[in-house]
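The primary structure of each chain is shown beneath.
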Amino acid sequence: DVDGAEQARAARLAHTVAAEGVRAGCEEGSAAQLVGQDGSGSARKAAEKSARGAEIKGVSQLTIDVEGDAVSVAVQVTRPTHLLSLIGVPEVHGQAREMCTLMAR
C-alpha cells in the first residue's frame, strides 16, 4: 500500500527529528550544568538548531519545551498521499515526542 508506506515514512522521519533534537538539547544543557550554569537556555537553542537543521521535507509542526531539567521535542511530519487523494484524503501524518533530563556530566 503506497499511502501506508508514506505514513510509515512520516512516522520514521518524525522520530528521527525528535530524537536528534532532544539528544542535542540534552548534551548542550548538561554540559552547561557541569560548569555551574543553567542549562535550559542552551538546551533549547541546541534542540531547536538540530531539529530545524534537519532538512526533512514535510516537518509541519515542531514544539520544543524546556521545563526545569526536562527537555522535550515534539514533531509532526506531513506527507502527501497518492491513492487516498482520489477520495479526498490529501495527506498522512507521522508524530513523535522524545524527552530527556538534563544531568551535569
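In this text the structure is predicted, and so the values were computed from the model without any measurement.

Draft legend 1. How the structure looks around the overall build of the chain. What the chain contains, in helices and strands, is two helices and three strands. N-terminal to C-terminal, the α/β element order of the chain is α-α-β-β-β. Here the chain has a C-alpha radius of gyration of 16 Å; the compact-globule value for 105 residues is 13 Å, and the former is much larger. Within the span of the chain, comprising 105 residues, buried residues form 37% of the whole. Considering only contacts within the chain whose residues lie at least 6 apart along the sequence, 57% involve residues at least 24 apart. About 6100 Å² of surface is accessible on the chain, with carbon and sulfur atoms providing 52% of the total. Averaging the coordinates of the 11 positive side-chain charges in the chain and doing the same for the 14 negative ones gives two points 4 Å apart.

Draft legend 2. Just helix α1 (residues 2–34), in detail. Helix length check: α1 (33 residues) gives 48 Å between terminal C-alpha atoms against 48 Å at 1.5 Å per residue, within 8%. Among the residues trailing α1, Gly36 stands out with phi positive, at a value near 85°.

Draft legend 3. Structural context of the packing of α1 against helix α2 (residues 40–53). Close contact between α1 and α2 brings their axes to 7 Å; oriented N to C, the two are set at 150°. For the element pair α1 / α2, the angle class is roughly antiparallel. α2 is crossed by α1, and the crossing has right-handed handedness. Between α1, through Val17, Glu20, Gly21, Ala24, Gly25, Glu28, Gly29 and Ala32, and α2, the contact on the second element is made entirely by Ser42, Ala43, Ala46, Ala47, Ser50 and Ala51. Split by residue class, the contact of α1 with α2 holds seven nonpolar, five polar and two charged.

Draft legend 4. Examining α2 more closely. Compared with an ideal rise of 1.5 Å per residue, which puts 14 residues at 20 Å, α2 spans 20 Å between its outermost C-alpha atoms and is within 8% of the ideal. Within α2, the full set of buried residues consists of Ser40, Ala43, Ala46, Ala47 and Ala51. Seen end-on, α2 carries its buried residues on one side only, within an arc spanning 130°. In α2, the exposed residues that point more than 90 degrees away from the buried face are Lys45, Lys49 and Arg52.

Draft legend 5. How the structure looks around the sheet that holds strand β3 (residues 91–101). Read from one edge to the other, the open sheet built from three strands follows the order β1-β2-β3, with strand pairing classed as antiparallel. Bordering the open sheet on either side are β1 (59–67) and β3, each of which pairs with just one other strand. Along the sheet, successive strands turn relative to each other by an average axial angle of 10°, direction set aside. With 11 bridges connecting them, strand β2 (residues 70–80) and β3 associate as antiparallel partners. Counterpart to Ser72 in the pairing with β3 is Met99. α1 rests against β1, β2 and β3 of the sheet, and its axis sits at about 25° to β3.

The rules we used
- Residues numbered from 1 in each chain as written.
- Predicted model: local features only at pLDDT ≥ 70, side-chain atom pairs only at ≥ 80, totals over all residues.
- Heavy atoms only, no water.
- Helix = DSSP H or I, 4+ residues; strand = E, 2+ residues; numbered from the N terminus.
- Rg over C-alpha atoms; globule rule 2.2 N^0.38 Å.
- Buried < 20%, exposed > 50% of the residue type's maximum accessible area, 1.4 Å probe, protein only.
- Contact = heavy atoms within 4.5 Å.
- Areas by Shrake-Rupley, 256 points an atom, 1.4 Å probe, with all protein chains shown as cover.
- Lys, Arg positive; Asp, Glu negative; His and termini not counted.
- Charge placed at Lys NZ, Arg CZ, Asp CG, Glu CD.
- Expected span 1.5 Å × (residues − 1).
- Axes fitted to C-alpha atoms, helices over the stretch in contact; angles between N-to-C directions.
- Parallel < 35°, antiparallel > 145°, perpendicular 65-115°, else oblique.
- Left-handed = near helix turned anticlockwise from the far one by under 90°.
- Nonpolar A, V, L, I, M, F, W, Y, C, P; charged D, E, K, R; others polar.
- Arc of directions from axis to C-beta.
- Pairing = 2+ DSSP bridges.

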